[in-house]
Amino acid sequence: MNVPLAKPCVGNDEFQAIKPIIDSGWLGMGAVVGQFEDGIKKYIGCRHVQAVNTGTSAIHLALEAVEVKNKEVIVPSMTYAATVQAIIAAGGIPVFVECRKDDLNIDIEDVERKITANTKVILPVHYTGKPVEMDKLQEIADGKGIIIVEDAAHAFGSEHKNNKIGSIGHVTCFSFDPIKTISCGEGGAICTTIDEVADRISSMKNLGISKNTWNRYKSDRPWLYEVIDKGYRYHMSNINAAIGIEQLKKIADFITRRRNIALKYDNSYKSINQISLLKHDFTQTVPFCYTMLIRDNMRNEFMYSMKNAGIGVSILYPPNHLQPYFKDYYTSLPTTENIFDEMVSIPLFTGMTNEQIDYVIENVVAFFK
Ligand SMILES: *Cc1c(COP(=O)(O)O)cnc(C)c1O
């Protein structure tokens, strides 16, 4: 049997949704993107939503909009390289902090230690979809002019104290790439409560062209536009939005399935001595991936054994403070480095069959026998 690490849950619904867009000839930026943004707004319960072409560009635009150039951005080393590249693209200075051993989320005490007069942003990552303690981070940021920009690529649908991630923070970035909880093919979105941030992102995602002048001229002189800010081609396309709209309709079932798989893993592995499970709360968390720690120097052997059985395994993520391109920002992070030697992620995706789940569990349990 073959079980990939992750796989998008797409099929005929998404296929049919693309057809009218092909027929219309309006493939790029258009009204369907607005419908997808409205869908997210309603689901998350946030003030503004801007859909973009990737999660990475969502973070890049969010950081440009809050102006991080030559300012420090506090970020956990335990994240995808995308987070750090987005900081550098925006001209910010990444300041790496530790994660906690029990859930691999940002270590808030380390954040406090690393705040300086030049800190502009704290950029937490809701690792595996488990929300970080937003109230504690907000308390730290308040009164210091620090803005919280969340990398919520893992956390679409997750809740913090019964509020959806995306509805509570200053600026929240989602990813809809092929392996995320819902996918647009490729895509991302920024939710924000700050009006000016939403306005800036709205024009920056389309070459800095002002939407207001666009509207002003639309009726009599539709060929005119004004460039009012720096900008990129980071908008979402109608084709990607149409896929996202279909995925959003099925989110409740996706969440139930993901939680059930993760709970089944928890129950199957909790009595294995060499495995440390992460601390979960599946009433609030929508699990994006299933990461666990393997003790006694058995992690690599475990990964080879799974690979030989056709089971997709990976390390989410090799710490960024150890990456060659980020060496200027190196700082010693012993907890993160220890976790790097022990961590492994095993298959978790909505479309996993019961046979695939059982096959993974059998192989994991058998390895430690
Ligand atoms: C997926 C991901 C991103 C980037 O999203 P893309 O849509 O792939 O560009 C950023 N951060 C984390 C933690 C991610 O998992």
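Residues numbered from 1 in each chain as written. Predicted model: local features only at pLDDT ≥ 70, side-chain atom pairs only at ≥ 80, totals over all residues. Heavy atoms only, no water.

### Regarding helix 1 (residues 12–24)
Taking 1.5 Å as the rise per residue, helix 1 with 13 residues should run 18 Å; its terminal C-alpha atoms sit 19 Å apart, in good agreement. Of the positions making up helix 1, those classed as buried are Glu14, Ala17, Ile18 and Ile21. All buried residues of helix 1 fall inside an arc of 95° around its axis, so they share one side. Set apart from the buried face of helix 1 by more than 90 degrees, the exposed residues are Asn12, Phe15 and Asp23. In the stretch just after helix 1, Gly25 is the one whose phi turns positive, near 80°. (Helix = DSSP H or I, 4+ residues; strand = E, 2+ residues; numbered from the N terminus. Expected span 1.5 Å × (residues − 1). Buried < 20%, exposed > 50% of the residue type's maximum accessible area, 1.4 Å probe, protein only. Arc of directions from axis to C-beta.)

### Examining unusual backbone geometry
Along the chain, Leu316 connects to Tyr317 via a cis peptide bond; the corresponding omega equals 15°. If you trace the backbone, Tyr317 turns up in the loop between helix 11 (299–308) and helix 12 (334–342). Positive phi values are uncommon outside glycine, yet Asn162 reaches one of about 65°. On the secondary structure map, Asn162 appears in the loop between strand 6 (159–160) and strand 7 (163–164). Not every positive phi belongs to a glycine, and Asn297 is a case in point at roughly 55°. Using a relative accessible area of 80% as the deciding quantity, one classes Asn297 as exposed.

### A few points about the site of the ligand
Taken together, 16 residues lie around the ligand, and Gly55, Thr56, Asp151, Asp177 and Lys180 are the ones closest in. Within the side chain of His154, an N or O atom sits 3.0 Å from an oxygen atom of the ligand. One nitrogen or oxygen atom from the side chain of Lys180 is found 3.0 Å from an oxygen atom belonging to the ligand. Protein coverage of the free-state accessible area of the ligand, which is 380 Å², stands at 94%. (Near = heavy atom within 4 Å. Polar contact = N/O pair within 3.5 Å; in protein donor to acceptor, adjacent residues only side chain to side chain. Areas by Shrake-Rupley, 256 points an atom, 1.4 Å probe, with all protein chains shown as cover.)

### Some thoughts on a negative patch on the surface
A cluster of acidic side chains, namely Glu109, Glu112, Glu139 and Asp142, defines a negative patch on the protein surface. Along the chain, Glu112 falls in helix 5 (residues 108–114). (Patch = residues over 30% accessible without salt bridge, like charges linked within 9 Å, V, L, I, M, F, W, Y side chains within 5 Å. Salt bridge = Lys/Arg side-chain N within 4 Å of Asp/Glu carboxyl O. Lys, Arg positive; Asp, Glu negative; His and termini not counted. Charge placed at Lys NZ, Arg CZ, Asp CG, Glu CD.)

### Structural notes on the packing of aromatic side chains
Geometrically, a pair of aromatic rings is defined through the distance of the ring centres and the angle of the planes. Tallied over the entire structure, the rule returns 14 aromatic pairs. Centroid distance Tyr265 to Tyr269: 5.4 Å. Interplanar angle 20°. Geometry classified as stacked. Taken together, the positions of Tyr265 and Tyr269, both in helix 10 (residues 251–269) and 4 residues apart, correspond to about one turn of that helix. For the pair shown, Tyr265 and Tyr269 are each scored as buried. On the basis of an interplanar angle of 25° and a centroid distance of 5.6 Å, the ring pair of Phe302 and Phe368 is categorised as stacked. Residue Phe302 is found in helix 11, and its partner Phe368 is found in helix 13 (residues 354–368); the two are separated by 66 residues along the sequence. By way of ring pairs, the aromatic residues Phe36, Tyr43, Phe156, Phe174 and Phe176 are connected into one cluster. Above the face of the Tyr43 ring, Lys164 is positioned so that its terminal group lies 4.5 Å from the ring centre. (Phe/Tyr/Trp six-rings, centres within 6.5 Å; stacked < 30°, edge-to-face > 60°. Lys NZ or Arg CZ within 6 Å of the ring centre and 35° of its normal.)

### Structural notes on the nonpolar core
The biggest cluster of nonpolar side chains holds 43 residues, and the ones touching the most others in it are Tyr269, Met292, Phe302 and Val364. Among the elements that line this core, the one with the most residues is helix 13, at 7 residues. Counting the residues that make up this core, at least three belong to each of domain 1 (12–249) and domain 2 (251–368). Ignoring anything within four residues of it in the chain, the contact list for Tyr269 reads Ile275, Leu277, Tyr290, Met292, Ile346, Val360, Ile361 and Val364. In this structure, Val52, Ala65, Val75 and Val149 belong to the second largest nonpolar core, which totals 30 residues. (Core = buried A, V, L, I, M, F, W, Y, C linked by side-chain atoms within 4.5 Å. Domains from an automatic or database assignment. Contact = heavy atoms within 4.5 Å.)

### Digging into helix 3 (residues 55–65)
Within helix 3, 10 of the 11 residues are buried, which leaves it mostly tucked inside the rest of the structure. Restricting attention to buried positions, one finds in helix 3 the residues Gly55, Ser57, Ala58, Ile59, His60, Leu61, Ala62, Leu63, Glu64 and Ala65. Backbone nitrogen of Thr56 and a side-chain oxygen of the N-cap are separated by 3.3 Å at the start of helix 3; the cap is Thr54. Glu67 sits one or two positions beyond helix 3 and adopts a positive phi of about 60°.

### Points about the domain arrangement of the chain
The domain boundaries assigned to the chain delineate domain 1 (12–249) and domain 2 (251–368). Taking only C-alpha atoms into account, the centre of domain 1 sits 26 Å from that of domain 2. Residue-level contacts link 42 residues of domain 1 with 30 residues of domain 2. Here domain 1 meets domain 2 over a buried area of about 3,300 Å², counting both sides, of which 60% is carbon and sulfur. Of all residues in domain 1, Phe96, Glu98 and Thr181 bury the most surface against domain 2, accounting for 18% of the area lost on that side. For the pair domain 1 and domain 2, the number of links is 2 salt bridges. (Buried area = accessible area lost by both parts, 1.4 Å probe.)

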